[in-house]
Amino acid sequence: MFRINKSFKPVLQKRPSFGAILILALTINGLIVVAGGVRRASAYNQDLDKLNRFVQTSNSPDAEKKLLSEGRDEIADENWEEAQSRFTDYIRKYPKGKDVDAATYWLAFSLKKQEQFQDADRKLEQLIAQFPASKWKKDAEAMRIEIGPYLNKQTPTNIEKGDVDTQIMVLQSIFQGNPERGASIAADILRNPQKDRRLREAAVSLLGQNQSNTGKAMLLDIVHNGSDTKLRKTAIFWLSQYRDDSVLDMFKELAVSSPDPEIGKAALFSISQYEGSRADAMLSELARSASSRKIREEAIFWLGQRNGAGIDDELIKIFEADPDAQIKKKVIFSLSQRNTASARAKLSEIARSGADKEIRKDAIFWIGQKSDEQSADELMKIYDSDNDTTIRKQVIFAMSQMSNPRARAKLFEIARNESTPQLRGEAIFWISQTNHEQGCEFLIQLYDNEKTEEVKKKIIFSLGQLNKKNCLRKLMEIAKSDPSVQVRKEAVFWLGQSRDPDAQKFLEEILK
């Protein structure tokens with residue numbers, strides 16, 4: 001099938017939320033630290049979620065699971081003494097139970113919440129020693145680091161021990177318990193280029209999440225003096241989350257002059273994270289006059305996602321002033337994402353009367369991605385008023401992409417009544433690509449009333465594309481009884497392309 005993947009249609013039909021755009025951009029730019037799982041400041045909620053999942057999936061007998069559920073409920077209600085009692089009861093009653101390691105961990109958790117750090121540390125040490133293969137071991141090691149500053153002895157586990165995922169978890173715990181100490185350790189990690197890349201990325205992200213003047217200074221140093229592009233991009237992102245206007249000029253300078261295009265792109269994205277007229281003006285200036293086309297294209301995209309007054313006018317000015325076809329197409333896309341009257345009006349104007357045919361086709365395509373009544377009306381008007389076959393073909397394609405009954409009816413009208421055979425064939429082809437039951441019935445009726453052999457062949461091809469039972473039955477009928485030998489051959493060929501068992505059986509019977 002030659003069809004736009006429907007999974008993209010919601011994004012194309014209406015402007016995505018800024019949150020969705022943010023996640024998309026972060027993913028594209030590789031700024032989200034996923035591996036190793038850097039937990040955020042709301043780690044308690046994540047701890048509780050992990051406990052919920054554990055209790056729900058536990059295979060322990062009912063009596064054991066009941067005690068675990070009670071302990072979970074007390075944790076959720078922050079009744080730390082009651083939670084301690086429930087998990088202690090579990091360990092006492094079921095010393096060989098399946099979930100003793102988990103109960104020990106959550107007992108230690110309850111003790112930590114009551115600031116009984118020595119007792120919590122002993123329980124964690126016991127868990128690590130008795131259950132070296134436990135899935136709670138890493139959490140236990142991380143908690144020992146977290147409570148280490150509250151103990152009178154040097155904690156036995158340190159950031160150097162364990163695999164990278166464990167080290168990241170430990171570093172997170174240190175930041176939660178003592179942000180200053182976490183920043184100091186993060187600085188040591190970042191000064192050592194031999195440290196694992198993921199650990200260094202986690203250190204940068206944690207500095208950004210735990211916003212402080214020390215963290216900001218370290219992030220700035222990475223941006224200005226670092227040699228690792230990925231770390232610099234991550235630092236740029238987290239600096240943007242400070243919402244400190246003083247770094248906006250630095251972002252602009254990086255976008256304009258960085259020799260590394262990835263850094264320029266990350267800096268531009270960070271500008272887009274700021275609200276207000278100053279960021280609007282920066283994006284507009286970069287969209288108009290940055291020396292790098294890539295930066296200009298990115299700036300146009302992010303400009304189109306903003307809600308500031310005058311954004312439509314700015315995009316239209318860029319379109320009118322810039323001779324570069326690629327830049328014009330980027331503006332057209334940004335206009336298509338804006339559900340404003342002026343953006344729609346400009347898009348329609350370009351589609352109807354633009355000087356460049358390829359630019360017009362681009363505007364027609366994006367109008368078709370909206371699927372609403374206004375867009376369907378606009379496309380039908382263009383088809384009826386324009387004599388250019390290439391433009392009319394593009395309109396047929398655009399209407400075929402719309403989930404709009406009136407646009408579908410227009411395709412049927414063109415396939416039935418259009419005087420230009422080339423355009424009739426185009427409509428017939430795209431009707432087959434919609435895979436719509438109504439399209440199959442229409443093509444069957446169209447075939448029965450068609451006199452031209454070449455058009456019949458196009459309909460046969462389209463019936464074969466739809467792969468529906470009634471379409472296949474029609475092909476069998478044509479293959480068996482159409483008066484034209486060439487047409488019968490065409491039907492047999494497309495039946496042979498089908499994997500339908502009835503079609504295969506029909507072909508085998510012909511051979512007998």
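Residues numbered from 1 in each chain as written. Predicted model: local features only at pLDDT ≥ 70, side-chain atom pairs only at ≥ 80, totals over all residues. Heavy atoms only, no water.

### Here's the deal with helix H29 (residues 485-497)
Residues spaced three or four apart along an α-helix point in a common direction, a consequence of the helix completing one turn every 3.6 residues.
At step 1: An ideal rise of 1.5 Å per residue puts 18 Å on 13 residues; H29 measures up with 19 Å between its terminal C-alpha atoms.
At step 2: What H29 keeps buried is the set Val-487, Ala-491, Trp-494 and Leu-495. Buried positions in H29, seen along its axis, are confined to an arc of 105° and lie on one side of it. (Helix = DSSP H or I, 4+ residues; strand = E, 2+ residues; numbered from the N terminus. Expected span 1.5 Å × (residues − 1). Buried < 20%, exposed > 50% of the residue type's maximum accessible area, 1.4 Å probe, protein only. Arc of directions from axis to C-beta.)

### A word on the environment of Phe-117
At step 1: You can see Phe-117 is positioned in helix H7 (residues 117-130).
At step 2: Sequence spacing of Phe-117 and Ile-147 is 30 residues, and the spatial spacing of their C-alpha atoms is 6.5 Å.
At step 3: If near-sequence neighbours (up to four positions away) are discounted, Phe-117 is found in contact with Lys-112, Ile-147, Tyr-150 and Leu-151. (Contact = heavy atoms within 4.5 Å.)

### Overview of the environment of Asp-121
At step 1: Take Asp-121: it is sitting in helix H7.
At step 2: Remark: the alpha-carbon pair of Asp-121 and Ile-147, spanning 26 residues in sequence, is separated by 7.7 Å.

### Observations regarding helix H18 (residues 311-321)
At step 1: Where H18 is concerned, the buried positions are Ile-311, Asp-312, Glu-314, Leu-315, Ile-316, Ile-318 and Phe-319.
At step 2: Where H18 is buried, its residues meet helix H16 (277-289), helix H17 (293-304), helix H19 (325-336), helix H20 (341-353) and helix H21 (357-368).

### Brief notes about the confidence of the model for the protein
At step 1: Residues of the protein with pLDDT of at least 70 account for 88%, and the chain-wide mean is 85.
At step 2: Overall, residues 1-29 carries pLDDT values under 50, and its contacts beyond four positions in sequence, including any with other chains, amount to 62 contacts.
At step 3: Contacts from residues 31-42, a stretch scored under 50 in pLDDT, to residues over four places away or in other chains number 35 contacts. (pLDDT = per-residue confidence, 0-100.)

### Comments concerning the pattern of salt bridges
At step 1: Tallying each qualifying case throughout the model produces 40 salt bridges.
At step 2: A salt bridge links Lys-410 to Asp-384, with the shortest nitrogen-to-oxygen separation between them at 2.7 Å. In this pair, Lys-410 sits in helix H24 (residues 405-417) while Asp-384 sits in helix H22 (residues 373-385), placing the two residues 26 residues apart along the sequence.
At step 3: A cluster of three or more residues bridged by salt bridges with shared partners is formed by Lys-66, Glu-70, Glu-82 and Arg-86. (Salt bridge = Lys/Arg side-chain N within 4 Å of Asp/Glu carboxyl O.)

### Details of the packing of H20 against H22
At step 1: Where H20 meets H22, the closest approach of the two axes is 10 Å, and the angle between their N-to-C directions is 20°. By the angle between their directions, the pair H20 and H22 is classed as roughly parallel. For H20 against H22, the interelement crossing comes out right-handed. Side by side, H20 and H22 meet where Arg-344, Ser-348, Ala-351 and Arg-352 of the first sit next to Gln-374, Ser-375, Glu-378 and Ile-382 of the second.
At step 2: Taken together, the residues of the contact of H20 with H22 break down into two nonpolar, three polar and three charged. (Axes fitted to C-alpha atoms, helices over the stretch in contact; angles between N-to-C directions. Parallel < 35°, antiparallel > 145°, perpendicular 65-115°, else oblique. Left-handed = near helix turned anticlockwise from the far one by under 90°. Nonpolar A, V, L, I, M, F, W, Y, C, P; charged D, E, K, R; others polar.)

### Looking at the packing of aromatic side chains
At step 1: Following the criterion strictly, the structure yields 21 aromatic pairs and no others.
At step 2: Consider the rings of Phe-365 and Phe-397, whose centres lie 6.0 Å apart with planes at 15°: the pair is stacked. Placement of Phe-365 in helix H21 and of Phe-397 in helix H23 (residues 389-400) is noted, with a sequence separation of 32 residues between them.
At step 3: For Phe-365, a relative accessible area of 15% gives the class buried.
At step 4: Overall, the relative accessible area of 15% leaves Phe-397 in the buried class.
At step 5: Ring centres of Phe-412 and Phe-442 lie 4.3 Å apart, and the angle between their planes is 10°; this geometry places the pair in the stacked category. Highlighted residues: Phe-412 in helix H24 and Phe-442 in helix H26 (residues 437-449), separated in sequence by 30 residues.
At step 6: For Phe-412, a relative accessible area of 8% puts it in the buried group.
At step 7: Note on Phe-442: relative accessible area 7%, which makes it buried.
At step 8: Sitting over the ring of Phe-319, Lys-328 keeps its end group 4.1 Å from the ring centre. (Phe/Tyr/Trp six-rings, centres within 6.5 Å; stacked < 30°, edge-to-face > 60°. Lys NZ or Arg CZ within 6 Å of the ring centre and 35° of its normal.)

### Thoughts on unusual backbone geometry
At step 1: Residue Arg-243 is not a glycine yet carries a positive backbone phi of 55°.
At step 2: Residue placement: Arg-243 occurs in the loop between helix H13 (229-240) and helix H14 (248-257).
At step 3: Given the relative accessible area of 41%, Arg-243 is considered partly exposed.
At step 4: A positive phi angle, close to 70°, is found at Ser-371, a residue other than glycine.
At step 5: The exposure class of Ser-371 is buried, given its relative accessible area of 11%.

### Digging into the nonpolar core
At step 1: Core analysis: the largest hydrophobic core is formed by 122 residues, its most contacted members being Phe-251, Leu-443 and Leu-495.
At step 2: For this core, the element with the most residues is helix H9 (residues 164-177), which contributes seven residues.
At step 3: Among residues more than four places away in sequence, those in contact with Leu-495 are Leu-472, Leu-475, Met-476, Ala-479, Ala-503, Gln-504, Phe-506 and Leu-507.
At step 4: Ranked by size, the runner-up nonpolar core spans 29 residues in total, among them Ala-102, Leu-111, Ile-128 and Ala-140. (Core = buried A, V, L, I, M, F, W, Y, C linked by side-chain atoms within 4.5 Å.)

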